[in-house]
Amino acid sequence: MDSSSLLRRLFFFLCALLFLLLLFRSWISLPSPSSGDSLFSGAGHILIQSPLFSFPAVDHATATPHHPLDPLTVGEITAARSILLSSSPFSSSPSSVAFHSLSLDEPDKSLVLAWSAGDPLPPRRASAVVRFLGRSYSLSVDLATGTLSPLPVPASGYPTMTIEDMTSAATAPLSDAAFNLSVLARGVRLSDIACLPISSGWFRREIEDRRRLIKVQCYSGEGTANFYMRPIEGLTVLVDLDTKEIVHIDDEGRGIPIPKSSGTDYRFAVAGGNELKRPLKPISIEQPAGPSFDVVEGHRVRWAGWEFHLKADARAGMVVSAAAVADPATGSMRQVLYKGFASELFVPYMDPTDAWYFKTYMDAGEYGFGLQAMPLVPLNDCPRNAYYMDGVFVAGDGRPYVRQNMICVYESYGGDIGWRHSESPITGMEIREVRPKVTLVARMAASVANYDYIVDWEFQTDGVIRVKVGLSGILMAKGAPFTHVKDFPAKQDMYGTLLSENLIGVIHDHYITFHLDLDVDGAANNSFVKVHLTRQDTDPATTPRRSYLRATRQVAKTEKDAQIKLRLYDPYEFHVINSEKTTRVGNPVGYKVVPAGTAAALLEPDDPPQIRGAFTNNQIWVTPRNKSEEWAGGLFVYQNRGEDTLAVWSERDRPIENEDIVLWYTLGFHHIPCQEDFPIMPMVSSSFDLKPVNFFERNPILGSPPNWERDLPICSAAATT
Ligand SMILES: [Cu+2]
């Protein structure tokens, strides 16, 4: 055998070996038949690379905390519950205790920042809010010593409802004969009704001072899963949340027909007739070499120089803590954000009539933004390359339960550009430099009855954190005795848009107020600086220009200097700087909050809902950090009088210069419904950025590499049918 034929045989042998290796690699990662995946799917037989990585699953029954900010484990919740139930006064009647919240009482910031992996954890404490024999209690539970200590209780309001509060309120009307007769008189079978517990707000009425109240309204689910589109209009039941007693029934609107069910169902299996005639071909992000992030011990996320702690929270939904970013010049980690979360939501409807005026929801403090977060749907809520994190929450009886897949973390690449420059032919330089933008997203989605909120914290390699809120789900709609706009009395206010026959989508606002404890290069010596752009007029003798814009810096001394209403024609940048640190050339290091599309609160400030929602009166506030000021609407939001809001705290006008400060940003939406929102809304979203401003010495992703064809996975068409 000559040497060339030996080489040829060797080449074929190596090719066969490589083929077998590739086959084996695919085989060991084959998805199970029950997963619904297939190696070959859709038209054209696309070769799909199966994920070759997985994060270890958490065994909640035996989980232990690893980080000072890790949420309470199943074991810790069980221990805290038994400490509380065996202590006075609760031990006298443990079955009468309702747990409205039980979560980690976070250690002091100084202890958390001083902690390193491997150190013993600071003492673990739980904070509990319970109702017992008609009273609310706020308590701190020391898990090490087994002791209970009382905390102050707000002057007004009640804690977040338990899931049991909501379900028992929703079924309470069915025990009332007058209610049942009214439903039947409207031609609706009792077996078809679905009812919603609607927080009743506070309207300066005497009964609100002595009873915990809720309003219940019902819908007909006949012929559709989308019962929200079939309101039984005008029938409102006032229920005592503690006793489940029916306090009052408003029975109006019997002449208003129940809107039709046809065309309202949105489920794929049911609404198959809506299927697009030309669906898109399958699309997915594949990472055959695995993700570039890891999640250490369940909660510490590390990616592209970022490190942060991520956890689910029953009230806030998702909490990002201790976020730090590596400085590419030195490699050292630099603090950016100690704690960020959605502190409160405010959703007032713009219809002052009897069955609607009270709809002024505060979804975090009243319903629990995290309690309402359902498991995310793999492949559709989050892409295929996502990692999922569970939430561990507490039922009304104090027992723990696991909300699986409540948060997802994934790397996102949508074809966006990190930076670029091309030279044009006039310079004679052949330069085409572009860098792709890949980001890391932490996502949750809460379904607060009809509405769905998607909250994304998106970390970028250039140091930007983008916080995005998406709105989808189903409108809260109103029955009407009209089937066409022309039939509506001209002088009457419709309060919204006719979406379909007999159905009005009522105008409303959404506000989401974020608590952003920025720690720019440390907690201390942070200041809020307003950088004001103003027009300067010139001396015509010195320049052909008549005017230019100039930036001047104003350091906010006290809280009132930092109550910001955004104005397009009076622009500012809003920086949080570390006044002790400067860049090489002398600029103070900072991060700025960059607003995007948003909306301002326009209700009368003395309107009771706006008193409670006064935290939306400004888009930006800055307060000195105070552990008792985390919830913008107050600790007890339900039915409160607005005495404990961010607006009230800020009026103290405390010093905020060179302090540990918290910036609050409110993202707002005015929503005038339209027919495209029927029967379910396409996503609408808006965002704001936390962006480094003179934080780095230069573009921090200057050294990031471009994409090369040779590095990318092969996902080409393998064959055609
Ligand atoms: Cu809306």
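Residues numbered from 1 in each chain as written. Predicted model: local features only at pLDDT ≥ 70, side-chain atom pairs only at ≥ 80, totals over all residues. Heavy atoms only, no water.

### Re the UniProt feature "domain: Copper amine oxidase N2-terminal" (unreviewed entry) in the protein
Link 1 in the chain: UniProt feature "domain: Copper amine oxidase N2-terminal" (unreviewed entry): in the numbering of this structure it lies at residues 67–148.
Link 2 in the chain: With 22% helix and 32% strand, the stretch residues 67–148 has end C-alpha atoms that lie 23 Å from each other. (UniProt positions renumbered as here; feature names shortened; annotations may be inferred. Helix = DSSP H or I, 4+ residues; strand = E, 2+ residues; numbered from the N terminus.)

### Brief notes about the coordination of the copper ion
Link 1 in the chain: Every protein donor of the copper ion is accounted for by Tyr 451 (OH), His 508 (NE2), His 510 (NE2) and His 671 (ND1), and the metal-donor separations fall at 1.7 to 2.1 Å.
Link 2 in the chain: Coordination of the copper ion draws on donor residues from a single chain, spaced Y-x56-H-x1-H-x160-H in sequence. Of this pair, Tyr 451 sits in strand S22 (residues 451–460) while His 508 is found in strand S27 (residues 508–518), placing the two residues 57 residues apart along the sequence. We note that Tyr 451, like His 508, is buried. (Donors = N, O, S within 2.8 Å, 3.2 Å for Na, K, Ca; no water. Buried < 20%, exposed > 50% of the residue type's maximum accessible area, 1.4 Å probe, protein only.)

### Structural notes on the pairing of strand S10 (residues 246–251)
Link 1 in the chain: Pairing geometry for strand S9 (residues 231–240) and S10, over five bridges, is antiparallel. Note that in S10 the partner of Thr 236 across the bridge is Asp 250.
Link 2 in the chain: Where S9 hands over to S10, the hairpin turn is made up of five residues, of which Lys 244 adopts a positive phi near 65 degrees. (Pairing = 2+ DSSP bridges.)

### Details of the domain arrangement of the protein
As a measure of interface size, the accessible area lost when the parts come together is often cited.
Link 1 in the chain: Assigned domains of the protein: these are domain 1 (74–151), domain 2 (163–268) and domain 3 (293–417 + 432–711).
Link 2 in the chain: The C-alpha centroid of domain 3 is placed 29 Å from the C-alpha centroid of domain 1.
Link 3 in the chain: Taken together, the contacts link 19 residues of domain 1 with 22 residues of domain 3.
Link 4 in the chain: Summed over both sides, the interface of domain 1 with domain 3 buries roughly 1,700 Å², with 57% coming from carbon and sulfur.
Link 5 in the chain: Looking only at domain 1, the three residues that lose the most surface to domain 3 are Arg 81, Glu 106 and Lys 109, adding up to 38% of its buried area. (Domains from an automatic or database assignment. Contact = heavy atoms within 4.5 Å. Buried area = accessible area lost by both parts, 1.4 Å probe.)

### A short note on the sheet that holds strand S4 (residues 125–132)
Link 1 in the chain: Pairing within the open sheet is antiparallel, and its four strands lie in the order S3-S4-S5-S6. Pairing within the sheet leaves two strands with one partner each, and these edge strands are strand S3 (97–104) and strand S6 (147–151). On average, adjacent strands in this sheet sit at an angle of 30 degrees to one another, irrespective of strand direction.
Link 2 in the chain: As judged from the eight bridges shared by S4 and strand S5 (residues 135–142), these two strands associate in the antiparallel manner. Looking at S5, one finds that Ser 127 is bridged to Ser 140.
Link 3 in the chain: Sitting on the sheet, helix H2 (residues 74–85) touches S3, S4, S5 and S6, and the angle it makes with S3 is about 135 degrees. (Axes fitted to C-alpha atoms, helices over the stretch in contact; angles between N-to-C directions.)

### Points about the nonpolar core
Link 1 in the chain: Leu 310, Phe 369, Trp 457, Phe 459, Phe 514, Phe 528 and Leu 663 are the most contacted members of the largest nonpolar core, which totals 118 residues.
Link 2 in the chain: Taken domain by domain, this core gets at least three of its residues from each of domain 2 (163–268) and domain 3 (293–417 + 432–711).
Link 3 in the chain: By size, the runner-up hydrophobic cluster in this structure holds 22 residues, among which are Leu 84, Val 97, Phe 99 and Val 394. (Core = buried A, V, L, I, M, F, W, Y, C linked by side-chain atoms within 4.5 Å.)

### Some thoughts on the pairing of strand S21 (residues 439–448)
Link 1 in the chain: Of all ten residues in S21, nine are buried, a share of seventy percent or more.
Link 2 in the chain: Across six bridges, strand S18 (residues 400–412) lies against S21 in antiparallel orientation. Paired with Glu 411 across the strands is Leu 440, a residue of S21.
Link 3 in the chain: Sheet analysis places S21 next to S22, joined by ten bridges and oriented antiparallel. Counted as the bridge partner of Val 441 is Glu 458 from S22.
Link 4 in the chain: Following S21, the chain reverses through two residues before pairing antiparallel with S22; Ala 449 in that reversal takes a positive phi of roughly 55 degrees.

### Considerations on unusual backbone geometry
Link 1 in the chain: For the peptide bond that leads from Ser 88 to Pro 89, omega is 0 degrees, which places it in the cis range.
Link 2 in the chain: Looking at where Pro 89 falls in the secondary structure, it is placed in the loop between H2 and S3.
Link 3 in the chain: Of note, the amide linkage connecting Phe 678 to Pro 679 takes the cis form, showing an omega dihedral of 0 degrees.
Link 4 in the chain: When you line up the elements, Pro 679 lands in the loop between strand S33 (661–671) and strand S34 (681–693).
Link 5 in the chain: One non-glycine residue with positive phi stands out, namely Asn 694, at about 60 degrees.
Link 6 in the chain: Within the element layout of this structure, Asn 694 appears in the segment after S34.
Link 7 in the chain: On the basis of relative accessibility, which here comes to 32%, the residue Asn 694 falls in the partly exposed class.

### Comments concerning the state of the cysteines
Link 1 in the chain: The tally for this structure, following the rule as stated, stands at two disulfides.
Link 2 in the chain: One disulfide in the model links Cys 382 with Cys 408; its S-S distance is 2.1 Å. Looking down the S-S bond of the Cys 382 and Cys 408 bridge, the torsion is -90 degrees, so its handedness is left-handed. Of this pair, Cys 382 sits in the loop between helix H6 (363–367) and strand S17 (387–394) while Cys 408 sits in strand S18, and the two are 26 residues apart along the sequence. Considered together, Cys 382 and Cys 408 belong to a single accessibility category, that of buried residues.
Link 3 in the chain: Should the bonded cysteines of the protein be numbered as they appear in the sequence, the pairing reads 1-2, 3-4. (Disulfide = S-S within 2.5 Å.)

### Points about the packing of aromatic side chains
Link 1 in the chain: One pass over the structure, following the stated rule, counts 27 aromatic pairs.
Link 2 in the chain: With a centroid separation of 5.3 Å and an interplanar angle of 90 degrees, the aromatic rings of Tyr 357 and Phe 358 are classed as edge-to-face.
Link 3 in the chain: Pairwise contacts between aromatic rings join Tyr 349, Trp 356, Tyr 361 and Tyr 367 into one cluster.
Link 4 in the chain: Cation over ring: Arg 315 sits above Trp 631, and NZ or CZ is 4.3 Å from the ring centre.
Link 5 in the chain: The positively charged end of Lys 359 is found above the aromatic ring belonging to Trp 356, 3.5 Å away from the centroid. (Phe/Tyr/Trp six-rings, centres within 6.5 Å; stacked < 30°, edge-to-face > 60°. Lys NZ or Arg CZ within 6 Å of the ring centre and 35° of its normal.)

### Thoughts on the confidence of the model for the protein
Detailed reading of the predicted coordinates is not advisable wherever pLDDT is low.
Link 1 in the chain: Overall, the predicted model of the protein reaches an average pLDDT of 91, with 91% of residues at or above 70.
Link 2 in the chain: Counted against residues more than four places away or in other chains, residues 13–52, with its pLDDT under 50, gives 37 contacts. (pLDDT = per-residue confidence, 0-100.)

### Details of the UniProt feature "domain: Copper amine oxidase N3-terminal" (unreviewed entry) in the protein
Link 1 in the chain: Taken from the UniProt record, the annotation "domain: Copper amine oxidase N3-terminal" (unreviewed entry) applies to residues 159–259.
Link 2 in the chain: Regarding residues 159–259, the helix share stands at 18% and the strand share at 31%, and the terminal C-alpha atoms are separated by 36 Å.

### Focus on helix H5 (residues 177–185)
Link 1 in the chain: Turning to H5, its buried residues are Phe 179, Asn 180, Ser 182 and Val 183. Take H5 and look down its axis: the buried residues cluster within an arc of 160 degrees, on one side only. Residues of H5 that are exposed and point over 90 degrees away from its buried face: Ala 177, Leu 181 and Ala 185.
Link 2 in the chain: In the core, the buried residues of H5 are packed alongside strand S7 (193–199), strand S8 (213–220), S9 and S10.
Link 3 in the chain: Two or three places before Ala 178, at the start of H5, stands the capping residue Asp 176, its side-chain oxygen 3.0 Å from that residue's backbone nitrogen. (Arc of directions from axis to C-beta. Polar contact = N/O pair within 3.5 Å; in protein donor to acceptor, adjacent residues only side chain to side chain.)

### Quick notes on the sheet that holds strand S31 (residues 588–595)
Link 1 in the chain: One open sheet holds the ten strands; their spatial order is S17-S18-S21-S22-S23-S34-S31-S30-S28-S29, and the pairing between them is antiparallel. Two strands bound the open sheet, and with one partner strand each, they are S17 and strand S29 (547–555). This sheet shows a mean twist of 25 degrees between the axes of neighbouring strands, independent of strand direction.
Link 2 in the chain: Packed onto the sheet, H2 meets S17 and S18 and runs at close to 5 degrees relative to S17.

### Section: the pattern of salt bridges
Link 1 in the chain: If you walk through the whole model with that rule in mind, you get 50 salt bridges.
Link 2 in the chain: In this structure, the salt-bridge partner of Arg 254 is Asp 251, at a minimum N-O distance of 2.7 Å.
Link 3 in the chain: According to the relative accessible area criterion, Arg 254 is partly exposed, its value standing at 48%.
Link 4 in the chain: Ionic pairing is found between Arg 334 and Asp 327, a salt bridge with its closest N-O pair at 2.7 Å.
Link 5 in the chain: You can call Arg 334 buried: its relative accessible area is 11%.
Link 6 in the chain: Residue Asp 327 is classed as buried on the basis of its relative accessible area, which comes to 9%.
Link 7 in the chain: What you see here is one network of salt bridges that share partners, running through Lys 109, Asp 517, Asp 519, Arg 625 and Asp 660. (Salt bridge = Lys/Arg side-chain N within 4 Å of Asp/Glu carboxyl O.)

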